[in-house]
Amino acid sequence: MHEITFRQLDGGETAVPRTRVSALSDRLAGDALEPGQPGFRDARTVWNAMIDRHPALITRCATADDVAEAVRFAHEQELLVSVRGGGHNIAGNAVCEGGLMIDLSPMRDVEVQVADRAARVGPGALLQDVDAATQAHGLATPVGYNSTTGIAGLTLGGGFGWLSRSLGLTIDNLLGADVVTADGVRVRATPDEHPDLFWGLRGGGGNFGVVTNFQFRLHPVGPEVLSGVVVYPLAQAAAALRHVRDFNAAAPDDVTCWAVLRKAPPLPFLDPAVHGTDVLVVAACCAGDMREAARTLAPMRGFGAPHADAIAPHPYAGFQQAFDALNAHGARNYWKTHNFAELPDEAIDAIVEAAAHLPSAETEIALARLGGAVARVPVEATAYPHRGAAWVMNLHTRWTMSADDERCTAWARDLHATLGPWAMGGAYANFITDPGRAREAYRGNWERLVALKSDVDPDNLFRMNQNVPPMTH
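Summarised in this report is the structure supplied together with it.

Criteria and cut-off values
Numbers given to residues run from 1 along each chain, matching the order in which its sequence is written. A pLDDT threshold of at least 70 governs which residues receive local features in this predicted model, and a stricter bar of 80 or more applies before side-chain atom pairs are shown or counted, although totals over entire chains, interfaces and linings include all residues. Water and hydrogen atoms play no part in the side-chain values, which are based on all heavy atoms of the structure. For the purposes of this entry, the term helix denotes a DSSP run of H or I that reaches at least four residues, the term strand denotes a run of E that reaches at least two, and both are numbered from the N terminus. Atoms considered for the radius of gyration are the C-alpha atoms alone. The globule rule reads 2.2 Å times the number of residues to the power 0.38. Categorising residues by exposure relies on relative accessible area from a 1.4 Å probe, with only protein chains included: less than 20% of the type maximum marks a residue as buried, more than 50% marks it as exposed, and the intermediate range marks it as partly exposed. We call two residues contacting when some pair of their heavy atoms lies within 4.5 Å. Residue-level accessible areas treat just the shown protein chains as cover; the underlying method is Shrake-Rupley with a 1.4 Å probe. Neither His nor the chain ends contribute to the count of charged residues, in which Lys and Arg are positive and Asp and Glu negative. To locate a charge, take atom NZ for lysine, CZ for arginine, CG for aspartate or CD for glutamate. Two rings from Phe, Tyr or Trp (for Trp, the six-membered ring) form a pair when their centres are within 6.5 Å of each other. A pair whose planes differ by under 30 degrees is stacked, one over 60 is edge-to-face, and the rest are tilted. Placement of a charge over a ring requires the Lys NZ or Arg CZ to be within 6 Å of the ring centre, with the centre-to-atom vector within 35 degrees of the ring normal. Take a side-chain nitrogen of Lys or Arg and a carboxyl oxygen of Asp or Glu: if they are within 4 Å of each other, that pair is a salt bridge. DSSP calls a pair of strands paired once it identifies at least 2 bridges connecting them. Axis angles are defined between N-to-C directions and span 0 to 180 degrees, where every axis is a line fitted to C-alpha atoms and, for a helix, only to the segment in contact. Helix span, expected: 1.5 Å multiplied by one less than the number of residues in the helix. Side-chain atoms within 4.5 Å are what join buried Ala, Val, Leu, Ile, Met, Phe, Trp, Tyr and Cys residues into a set we call a nonpolar core. Residues adjacent in sequence count toward polar contacts only when both atoms are side-chain atoms; beyond that, a polar contact is any pair of N or O atoms within 3.5 Å, and within protein one must be able to donate a hydrogen and the other to accept it. Any angle from 65 to 115 degrees is called roughly perpendicular, while one under 35 is roughly parallel, one over 145 is roughly antiparallel, and all others are oblique. Each crossing is labelled by how the near helix is turned from the far one, with a counterclockwise turn of less than a right angle marking it left-handed and a clockwise turn marking it right-handed. Residues were grouped as follows: Ala, Val, Leu, Ile, Met, Phe, Trp, Tyr, Cys and Pro as nonpolar; Asp, Glu, Lys and Arg as charged; and all remaining residues, including Gly, as polar.

This part covers the overall build of the chain. Counting its secondary structure elements, the chain contains 14 helices and 21 strands. Taken over C-alpha atoms, the radius of gyration comes to 22 Å for the chain, in line with the 23 Å a tight globule of 473 residues would show. By principal-axis analysis of the C-alpha atoms, the chain measures approximately 70 × 55 × 40 Å. Taken over 473 residues, the chain has a buried fraction of 59%. Summarising the internal contacts of the chain: among those between residues at least 6 apart in sequence, 72% fall at separations of at least 24. Roughly 17800 Å² of accessible area belongs to the chain as shown, and the carbon and sulfur atoms make up 52% of that amount. Of the charged side chains in the chain, 39 are positive and 54 negative; the average position of the first set lies 2 Å away from that of the second.

This part takes up the packing of aromatic side chains. Applying the stated rule across the entire model yields 16 aromatic pairs. With centroids separated by 5.9 Å and ring planes inclined at 75°, the aromatic side chains of Phe-160 and Phe-431 adopt a geometry described as edge-to-face. One end of the pair, Phe-160, is in the loop between α5 (151–157) and α6 (164–167); the other, Phe-431, is in the loop between α12 (405–419) and α13 (438–442), with 271 residues separating them in the sequence. The exposure class of Phe-160 is buried, given its relative accessible area of 3%. Looking at Phe-431, the relative accessible area reads 6%, which means it is buried. An aromatic cluster is present here, built from Trp-47, Tyr-145, Phe-160, Trp-162, Trp-258, Phe-319, Phe-323, Trp-335, Tyr-384, Tyr-428 and Phe-431 joined pairwise through their rings. Over the ring of Trp-199 we find Arg-448; its NZ or CZ atom is 3.8 Å from the centre of that ring.

The tally for this structure, following the rule as stated, stands at 29 salt bridges. The network of salt bridges with shared partners includes Arg-242, Arg-245, Asp-246, Asp-345 and Asp-349.

If you trace the 5 strands from one edge of the open sheet to the other, you get β7-β8-β12-β10-β11, paired in antiparallel fashion. Two strands close off the open sheet at either side, each with one partner strand: β7 (110–113) and β11 (186–189). Adjacent strand axes in the sheet meet at a mean angle of 15° when their direction is disregarded. Of the strand pairs in this sheet, strand β10 (residues 174–180) and strand β12 (residues 210–217) are connected by 6 bridges, and their pairing is antiparallel. Along β12, the bridge assignment pairs Leu-174 with Phe-216. Strands in contact with helix α4 (residues 127–135) are β7 and β8 (118–121); relative to β7, the strand with the most contacts, it is inclined by about 30°.

This next bit is on the sheet that holds strand β5 (residues 81–84). Read from one edge to the other, the open sheet built from 4 strands follows the order β3-β4-β6-β5, with strand pairing classed as mixed. The open sheet has two free edges, formed respectively by β3 (31–33) and β5, since each of these has just one partner strand. Adjacent strand axes in the sheet meet at a mean angle of 20°, parallel and antiparallel pairs treated alike. Here β5 runs beside strand β6 (residues 100–103); their pairing, made up of 4 bridges, is parallel. Looking at β6, one finds that Ser-82 is bridged to Met-101. Against the sheet, helix α3 (residues 64–77) touches β4 (57–60), β5 and β6, its axis set at about 165° to β6.

With that settled, consider the pairing of β4. As judged from the 3 bridges shared by β3 and β4, these two strands associate in the antiparallel manner. Note that in β4 the partner of Leu-33 across the bridge is Ile-58. In this structure, β4 lies alongside β6, joined through 4 bridges in parallel fashion. Among the inter-strand pairings, Ile-58 is bridged to a residue of β6, identified as Met-101.

To continue, consider helix α8 (residues 237–250). Helix length check: α8 (14 residues) gives 20 Å between terminal C-alpha atoms against 20 Å at 1.5 Å per residue, within 8%. Looking at α8, one finds that the buried residues are Ala-237, Ala-240, Leu-241, Arg-242, Val-244, Arg-245, Phe-247 and Asn-248.

This part is about the nonpolar core. Side chains that are nonpolar tend, in soluble globular proteins, to be buried together. Within the largest apolar cluster, 73 residues are counted, with the highest numbers of intra-cluster contacts made by Ile-151, Phe-160, Val-179, Leu-201 and Tyr-442. Beyond its immediate sequence surroundings of up to four residues, Leu-201 is in contact with Thr-155, Leu-156, Ala-177, Val-179, Ala-189, Phe-208 and Val-211. The next biggest cluster of nonpolar side chains, apart from the first, holds 44 residues, and it includes Ala-237, Ala-251, Ala-284 and Ala-293.

Our focus in this paragraph is the side chain of His-219. The residue His-219 is located in strand β13 (residues 219–220) in this model. Taking relative accessible area as the criterion, His-219 reaches 16% and is therefore assigned buried. A distance of 2.6 Å separates a polar atom in the side chain of His-219 from a polar atom in the side chain of Asn-173. When residues no more than four places from it in sequence are discounted, the contact partners of His-219 are Gly-138, Leu-139, Ala-140, Pro-142, Leu-167 and Asn-173.

Axis angle and axis distance: for two packed helices, these are the angle between their axes and the distance between the axes, and together they describe the pair. Look at helix α1 (residues 18–27) against α3: their axes get within 9 Å of each other, and the N-to-C directions meet at 160°. When the axis of α1 is compared with that of α3, the two are roughly antiparallel. As α1 runs across α3, the sense of the crossing is right-handed. In this structure, α1 uses Arg-20, Val-21, Leu-24 and Arg-27 to contact α3, whose residues at the interface are Asp-66, Glu-69, Ala-70, Phe-73, Glu-76 and Gln-77. Here the residues of the contact of α1 with α3 are counted per class, giving 4 nonpolar, 1 polar and 5 charged.

Locating Arg-376 in the fold gives a position in the loop between β20 (364–369) and β21 (391–399). Put simply, Arg-376 and Arg-165 are 211 residues apart on the chain and 9.9 Å apart in space, counted from C-alpha to C-alpha. Those residues in contact with Arg-376 that sit more than four places away from it in its chain are Arg-165 and Asp-253.

What follows is about the environment of Gly-124. Within the fold, Gly-124 resides in the loop between β8 and α4. Each C-alpha atom of the pair Gly-124 and Gly-371 lies 29 Å from the other, and the pair is 247 residues apart in sequence.

See the structure below:
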């Protein structure tokens, strides 16, 4: 065949001469992969096994110049484009059907600037890469809680984890970014250079370009933090959740205490008789002084009769990986999310009732605690608008067989609807599975994002995301 057929932005198809594709490949320091070639299948396979799309071409970029070449190629041909960082996005936006996939996963370098307490991070880096490099110097920046997540998608959506209550969101620690815009031009975005673009990158998703390097502010953290879990039987879950809610209301910013309802995994500190039973897992992390942390967490830990209390000093980087095995690649996943300003008793009762009827052994109802430093940043300061959310809930439905798709997704949708009356509205962009919720992700910042999109990407080349369409669309 002398041509490769690509899907275009308008939904039609175009036949691109193979000579042009070969010319692109020759200009890349990385690789250009076609279906059937070694590495193609792995490159198109992402974390969520429900995503099974087939790009016409994958450019595995090794440099920022590679990214610019790929973007220019797509722009000239008006091709459908997707961008892969870590490949962990629940909606599978890293992979497009029939278009050009720009794969950044080879760009995993992390350079720690110790004197400046900063790090430059490649867009293909995973959180474990960032944590390993920064913790070698006793430093960290707030990132997520699953170390196999990609730094690019996490950051562009906002990013929160165990350090966010004291140090802010990931985007609150972003100092600058190198970006390839929709016309293939490389620019630097900082508070002083292209400040509107810098604003949009902090929570606006991948709408405005391809980031080829992130620069983050670092803070002294660890190397050990007081962290771990307290596991309760479901019979105590309602009372324990109320206790955790009330404890959190008065807890200092350096304490993060989350709650997860699920089937008990085979953790080594749990009696085997508990494995597979319905439990409430209270996960806590305090990155301050170890003695003070112990005193602070004591009231939370002293409640009820838990199956186990495994809170102890742990290496920060190790705790960041503590839940990776529960979120490994290859399962089918579907999420629904709510923001809550508070958790009234009625909402807690509904959550606990639903936890007695989980649709699969790996399904979780996760309640992440925010507030603190996150809430002290003005809503208009970044594209991320959910500064008032005290809790972010993720209904993480997870299973193996495609025959269970309808049952598992219906459970999540039903519970999401049940909890709606107590939610504050809005949705964290990185937790959205279904299309059409972009306005919920960006809320009051929507109009400014539309104006920015119209300026930097008027053709909506970057649409495989929680999409903000330009005014012309």
